[in-house]
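One-letter residues, chain by chain:
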Number of protein chains: 2
Amino acid sequence: MVFSDRISGVQPSAIREIFKVLGDPSIISFAGGNPDPSTFPADKMAVIAAELFEKQPSAALQYSVTEGYPALREKIAARLKTKFNIGTENDSLLVLTGGQQGIDLTCKVLCNEDDVVICEEPSFIGALNAFRTYKTRLRGVPMDDDGMNTDALEEVLKSEPRAKLIYTIPTFQNPMGVTMSLEKRKKVYELAKKYGVVILEDNPYGELRFAGEDIPSIKSFDTDGIVVYCGSFSKILSPGMRMGFVSAPAEIAAKMTVGKQVTDVHSNIFFQMLVNRFLEEYDLDEHIAKIRVLYKEKCEAMLSCLEKHLPEGCTFTHPQGGLFIWCKLPESIDANVFSKELVKEKLAVVPGSAFLTDEKTQTSCIRLNYSMPTIEQIEKGTEILGRCIREKM
Amino acid sequence: MVFSDRISGVQPSAIREIFKVLGDPSIISFAGGNPDPSTFPADKMAVIAAELFEKQPSAALQYSVTEGYPALREKIAARLKTKFNIGTENDSLLVLTGGQQGIDLTCKVLCNEDDVVICEEPSFIGALNAFRTYKTRLRGVPMDDDGMNTDALEEVLKSEPRAKLIYTIPTFQNPMGVTMSLEKRKKVYELAKKYGVVILEDNPYGELRFAGEDIPSIKSFDTDGIVVYCGSFSKILSPGMRMGFVSAPAEIAAKMTVGKQVTDVHSNIFFQMLVNRFLEEYDLDEHIAKIRVLYKEKCEAMLSCLEKHLPEGCTFTHPQGGLFIWCKLPESIDANVFSKELVKEKLAVVPGSAFLTDEKTQTSCIRLNYSMPTIEQIEKGTEILGRCIREKM
């Protein structure tokens, strides 16, 4: 069978074989990106679901509009505006099938083949692969401790007349866990404006802050209609329901609606109505506050265990929120090889190469997740990690 | 804003303005394609949902695998095999976000820009628009009373070396309501094999037969691994949950999985588990039998009303299942203009041009839906239709 060029260009990820072993309960996983299931408000959702089936079964089970359930669109837009100053009268809010769909549709409506998508290096693999299926060219910008290096960003913008999109996760970045400074956010916005490119601001983790102060989103500066802001309920309510959203300039949102119509018609309407009712009946911020306490505890546990178990020559980021820590091992260690060896020692991590624009690049970095493992697993897993690193030195 | 060529090529459909008026309750709509909401098994679904929230909340709300919930995949595959002889050991079953996603992903993994997708003329607008977003070229094959004209199909295959895909809805076709004969199904399969193209067999309505005998699906002949079979729970359980599936040759399914991963990661897992449990606990065939009785009654009502109210010079199809009747008005009537006039008379229908590869082609055909309107609305709407046709003659 001859497949399309677009799909042939995306290889099954190297990390798939690591994820395959995760069914084995004897393996401690720092590899995933799943929220802790204890944070799912299942009891509250059950009550709402029962109500929906009883009182609005026809609406909750019938076809619906592509843009999303109107009441939910309004509520999300109002929350974004009130809490984060996101969205103007020129923006439109769409409910999507997970944040991933926001990434996919933004590229779909903006980029032709061979257009350039500029991304942080390293970045979220799901986004990089989405961009690859549109046969765009990926250009990575190195990361500093306070987000992407904006000098390097400008160099890329200067050298790439076909640059169309800057993809960034400014807050608690995946995989690094670092947060872009306000100064850099402003600089990225100015550069996008100067060079006529659109910013795709992906913010799935922003509400999971457990230390430091909130920093305004890039979208909150967007008076020029050049930022697509992508959000999600996956980390604050449930990922399995696949509920995300974008706040985007209306003309972009209109094209995204056309693009969405032909891929899944609309997102699951039952869960759109369920989330809408949740926002009506319960205090989402109160719910999020509890998640923050839990992840703060887990993150601090992992950081102090890393401090304790990792030998000199290892460094790691100190996130103020989100799900991930980025760990740099001694340069002599090839993270690809090492992560396979770790599996034999019953620990799963993701090698850093998975997050690079060129996955074949060698790196000594690994991504560690602290939201899924228990405190006990964090202690045991970091001990294994430390021991295995020492054996390689 | 400069948008991608792929999205600029898809115009907001001409029928959007007709659909816009459907919020007006004084308008009788034969325009939609929605199932009758009285067919949704909401009570049974409510019981299952309550169980899921109580007993498996973590699994039902957490991230899941792209291919679909394993137990559901097995059940659908087993049902297809037992009832319809669909699927071999070389096929793989994927659960998707509605049948629409099966159409989208098939084109995504198989077609490059400028490849040719051959479709029935007229055909389902959602599929045509999906193919357009991949910048494929559409070639329509005229329809006979027993499905696409296979001589014309072979002519197209001969003349188009870049033909990659034949898209067909063999059973109760949308928009025509006609069913392809067994002989033609075999011929289409042979031609696809001979010319090295893949068949995308879309079968969202096949289970809604209320007259005549079942005809084997094209996929049931597929010993060569060249048919992607696309099905859906939208018309037999609920469309709002967005649950569809494909049975496809394993290598195609593997590529579709890569394509799906980057668009929505996986389909709503809660509803995958709900449908799985429904298939375990309840008799789907018994449920479908009730839907058939209802649609038989509505279709017969519409046919007899058309017989009664439409003047000579009008013809219409006599479907043995599905949701639609295709009505040919006197040649002098431009269905585009006429359908707008009908709205003023409080009746909505879809003009035939919406279903053509070139939407600008003039036609005197309209599509009528009988699943949504009540018997009373069918009587009143057809009376309006007949009166308005006579006024144009």
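Preceding this paragraph is the structure being described.
This structure is a prediction, so every number in the text was calculated from the model and none was measured.

A word on the interface of chain B and chain A. A common way to report how large an interface is uses the accessible area buried once the components associate. Tallying the contact residues gives 57 residues for chain B and 57 residues for chain A. The set of elements that each furnish at least two residues to the side of chain B that touches chain A consists of α1 (5-8), α3 (42-55), α4 (57-61), α6 (99-110), α7 (125-133), α10 (250-264) and α11 (269-281) of chain B. For the side of chain B that touches chain A, the per-class residue count stands at 30 nonpolar, 18 polar and nine charged.

Next up on the list: the sheet that holds strand β8 (residues 227-232) of chain A. All names here are of chain A. Strand order in the open sheet formed by eight strands is β2-β9-β8-β7-β6-β3-β4-β5, with mixed pairing between adjacent strands. Both edges of this open sheet fall to β2 (91-96) and β5 (147-148), since each of them pairs with a single strand only. The pairing of strand β7 (residues 198-202) with β8 spans four bridges and is classified as parallel. Bridging across to β8, Asp 202 finds its partner in Cys 230.

On to the nonpolar core, then. Ranked by internal contacts, the top residues of the largest apolar core, which has 242 residues, are Leu 165 of chain A together with Leu 165 of chain B. Residues within four places of Leu 165 of chain A in sequence aside, it is in contact with Thr 106, Cys 107, Leu 110, Cys 111, Val 117, Ile 118, Val 197, Val 198 and Leu 200 of chain A.

Right, let's talk about unusual backbone geometry for a bit. Negative phi characterises most residues that are not glycine, and trans characterises most peptide bonds. Residue and element names in this part refer to chain A. In this structure, Pro 122 follows Glu 121 across a cis peptide bond, with omega equal to 5°. Among the structural elements, Pro 122 can be located in the loop between β3 (116-121) and α7 (125-133). Notably, Phe 172 is not glycine yet its phi reads approximately 50°, a positive angle. Position of Phe 172 relative to the elements: it lies in the loop between β6 (163-168) and α9 (182-195).

All names here are of chain B. Relative to the 18 Å expected for 13 residues at 1.5 Å per residue, α11 spans 18 Å between its end C-alpha atoms, a close match to the ideal helical length. Residues of α11 that are buried: Ile 269, Phe 270, Phe 271, Gln 272, Met 273, Leu 274, Val 275, Asn 276, Arg 277 and Phe 278. The inward-facing, buried residues of α11 contact α3, α4, α5 (70-84) and β2 (91-96).

The next subject is the environment of Thr 363 of chain A. All names here are of chain A. Looking at the secondary structure, you find Thr 363 in the loop between β13 (350-351) and β14 (365-369). On the neighbour-count criterion, Thr 363 (20 C-beta atoms within 10 Å) is buried. Sequence separation between Thr 363 and Leu 323 is 40 residues, and the spatial gap between their C-alpha atoms is 21 Å. Excluding its chain neighbours within four sequence positions, the residues that come into contact with Thr 363 are Ala 335, Gly 352, Ser 353 and Leu 356.

The next subject is the relation of the copies chain B and chain A. When chain B is fitted onto chain A, the two copies agree to an RMSD of 0.0 Å after a turn of 180° and an axial shift of 0.0 Å. The superposition operator between the copies reduces to a two-fold rotation axis. Both copies present the same face, since 100% of the interface residues in chain B are matched by interface residues at the equivalent positions in chain A.

The rules we used
- Residues numbered from 1 in each chain as written.
- Chains lettered and ligands numbered in written order.
- Predicted model: local features only at pLDDT ≥ 70, side-chain atom pairs only at ≥ 80, totals over all residues.
- Contact = placed C-beta atoms within 7 Å.
- Helix = DSSP H or I, 4+ residues; strand = E, 2+ residues; numbered from the N terminus.
- Nonpolar A, V, L, I, M, F, W, Y, C, P; charged D, E, K, R; others polar.
- Pairing = 2+ DSSP bridges.
- Core = buried A, V, L, I, M, F, W, Y, C linked by C-beta atoms within 7 Å.
- Buried ≥ 20, exposed ≤ 12 C-beta atoms within 10 Å, placed from the backbone.
- Expected span 1.5 Å × (residues − 1).
- Least-squares fit on C-alpha atoms with pLDDT ≥ 70 in both.

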